[in-house]
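# Notes for the structure review
Listed below are the residues making up each chain.
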Amino acid sequence: MRNLPSYEELLSGLSWSLAERELGYQPGEPLNIGWMCSDRICRLGQADKLALIWEDYLGNEKRFTFDDLRVLSNTIASFLVELGIQPGERVCLFLDRVPELYIGFVGILKTGAVAQPLFSAFGDESLFVRLADAKTSAIITQKKHLHKVRKIREELPELRHIIVVDAGDSPLQAREVAFRMEQAPRVENFAVYPTTAESPSVLHYTSGTTGQPKGAQHVHYSIVSQYLTAKIVLDLRPDDTYWCNADPGWVTGTSYGIVGPWSNGITQVVLDSGFNAERWYEFLAKRRVTVWYSAPTAIRLLMKEGTDLPRKHDLSSLRYLASVGEPLNGEAVIWSEEAFGKPFHDTFWQTETGSIVITNFPGMPIKPGSMGKPFPGITATVLNPRTYEPVSQPGVAGLIALRPGWPSQFRYYWRNEAGFQAKFKNGWYLCGDRASLDADGYFWFMGRDDDVINTGGHLVGPFEIESALLEHPAVYESAAVAKPDPVNMEVVKAYVTLKRGYEPSPDLELEIMNRIRKRLSPLAMPQEIEFVDSLPKTRSGKIVRRILRCKEFHEPVGDLSTVMNE
Ligand code: PRX
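Residues numbered from 1 in each chain as written. Predicted model: local features only at pLDDT ≥ 70, side-chain atom pairs only at ≥ 80, totals over all residues. Heavy atoms only, no water.

Before going further, it helps to examine the packing of aromatic side chains. For the coordinates displayed, the defined rule picks out 28 aromatic pairs. A connected cluster of aromatic rings, assembled from ring pairs, spans Trp-243, Phe-275, Trp-280, Tyr-281, Phe-283, Trp-292, Trp-335, Phe-340 and Phe-344. Geometry around Trp-428 places Arg-403 over its ring, the cationic atom sitting 3.9 Å from the centre. The cationic tip of Arg-549 hangs over the ring face of Phe-553; the distance from NZ or CZ to the ring centre is 4.2 Å. (Phe/Tyr/Trp six-rings, centres within 6.5 Å; stacked < 30°, edge-to-face > 60°. Lys NZ or Arg CZ within 6 Å of the ring centre and 35° of its normal.)

What follows concerns the nonpolar core. Inside soluble globular proteins, nonpolar side chains tend to come together where they are buried. Core analysis: the biggest nonpolar cluster contains 99 residues, and Leu-228, Leu-234, Tyr-242, Trp-262, Tyr-293 and Phe-375 have the highest contact counts within it. Sorting elements by how many residues they give to this core places helix α6 (residues 99–110) first, with 7 residues. Within the second largest apolar cluster, 39 residues are counted, among which are Leu-159, Ile-453, Ala-468 and Val-496. (Core = buried A, V, L, I, M, F, W, Y, C linked by side-chain atoms within 4.5 Å. Buried < 20%, exposed > 50% of the residue type's maximum accessible area, 1.4 Å probe, protein only. Helix = DSSP H or I, 4+ residues; strand = E, 2+ residues; numbered from the N terminus.)

Let us look at the site of the ligand. Close contacts around the ligand come from 19 residues, with Asp-346, Thr-347, Thr-351, Asp-433 and Arg-448 the closest. With respect to the ligand, the side chain of Asp-433 contributes an N or O atom lying 2.5 Å from an oxygen atom. Contact between the ligand and Arg-448: an oxygen atom at 2.8 Å from a side-chain N or O atom of the residue. Summarising the interface, the protein chains cover 97% of the accessible area of the ligand, which totals 550 Å² for the free molecule. For the shell around the ligand, the leading source of residues is strand β14 (residues 344–348), giving 3 residues. Across the shell around the ligand, the residue classes break down as 8 nonpolar, 7 polar and 4 charged. (Near = heavy atom within 4 Å. Polar contact = N/O pair within 3.5 Å; in protein donor to acceptor, adjacent residues only side chain to side chain. Areas by Shrake-Rupley, 256 points an atom, 1.4 Å probe, with all protein chains shown as cover. Nonpolar A, V, L, I, M, F, W, Y, C, P; charged D, E, K, R; others polar.)

Attention now moves to the packing of helix α7 (residues 124–134) against helix α8 (residues 143–152). Closest axis-to-axis distance for the α7/α8 pair is 9 Å, and the angle between their directions is 60 degrees. It follows that α7 is oblique to α8 by the angle criterion. Crossing of α7 over α8 shows right-handed handedness. Together, Asp-124, Leu-127, Phe-128 and Leu-131 of α7 and Lys-148, Val-149, Lys-151 and Ile-152 of α8 make up the contact between the two elements. Residues of the contact of α7 with α8, tallied by class, amount to 5 nonpolar, no polar and 3 charged. (Axes fitted to C-alpha atoms, helices over the stretch in contact; angles between N-to-C directions. Parallel < 35°, antiparallel > 145°, perpendicular 65-115°, else oblique. Left-handed = near helix turned anticlockwise from the far one by under 90°. Contact = heavy atoms within 4.5 Å.)

These figures come from the coordinates and say nothing about function on their own.
So, in structure tokens, the structure goes:
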């Protein structure tokens, strides 16, 4: 067992310039994440090392070396260039966790275009909102998701190409084109577009309280943070087999499911299958996973199955466990010690931060229930919500805030300057979360500071759900709020008032739920709909979700002086 550095040693020894040096990047030179994750690793003599071992739910397997990753991403890149995709244009990845998703991401970046990954479980409405906002030029998808794209493409004049990776003999329609990554002629050499540090790289959509989802724009320089945090926080070492079970439709699945591991030349494994405890343990054992990056909801699902099941599998390869997305409760840390003989290390970050910002490090004493301390190079604090000054006393709740300027910070919200500006106060970036700091400098998460619902680690915006609810002919007004849930932490609950002539009924509830599931996603589907006569509103007529949320959480509502009808 090697000696791990203490937090203080890490603080003094780490800097972003160290990452630049290790990546061989000189400020001012071209910098391209796609090249860094593939060609560079081959040049380091690792062309034959496995980059990806992929398995689907049936157990079918595919293996790709770093040289395969280099050549196949070239192949995708030159296909896109031949279609006329220009640097800076958005290319959406709307795929299950198939190899084309991971390799396509690298390929898009090599052309200088912007990768826009979207969760393949999104329904047509969620997809439409994000493609229309981003003015996306091309979408790479599978046959099984094509019907959703076909439904909306007439309203998306900018969407010039619909690329289908498994079209087979299926008839294609206008603007659709087939591309078989592994059957296409392999492109050995591709002139990678010379993006620079500030060139746009990835556009990830995330939900806020107001308005439709916002596109957080990242740049190629983000690799500096992602490389270093993957190496230090996830403790990645050359002979690791790494599993990040997050979907690249969300930021964890790109920052730490593609860029972090591959820029470090690490072999990663992917399971393209939904959650199943037995299957996951089998996968961990069969693949001899050493480092596993997961999420509290998954851990709670595993906890439900008890500790006998993990003991039936040989999980001795596991060396390091980390988690992200929601509060990692103390019990989950303690359970993982029992089940795996190791704790999960909590990591905190966001779509906007692009990389881990507050975390528990290997070698640092864990306080179960705490998110740990800032990553060296990140200045994080807790601000008084009125003055936006750091709170001086331990244990006092405030807003989590970061000093702007770390490499993977998002550069703007796509076409939403006002939303971007609203995230900064008094020289700090506000995460939109509340926490307290203890006397040792550990952060303790308390909750969101807005109405966003965090269900199973995925943020869902109330506005998006309410807009979809209002499209139902029976719905007059609606409010979507979080409701506590033992596994997903929060689920969506909708309060609905009905139009004249409609009566509440279980059938109507089911119909509305299904509609949201299909149009938005299973995550956004309300688990419960409560039909009410009226919703609490301010004097100016704005629905006050806070009151409904507090009711669900049995919390005191606080000041109601601005509320009209409660
Ligand atoms: O509320 C925090 C919660 O997830 C939000 C970020 O969500 P998203 O942008 O979708 O990115 C998720 C994965 C990076 C945060 O503002 N969150 C994330 N990690 C934690 C967390 N809440 C508590 N503890 C965490 N470790």
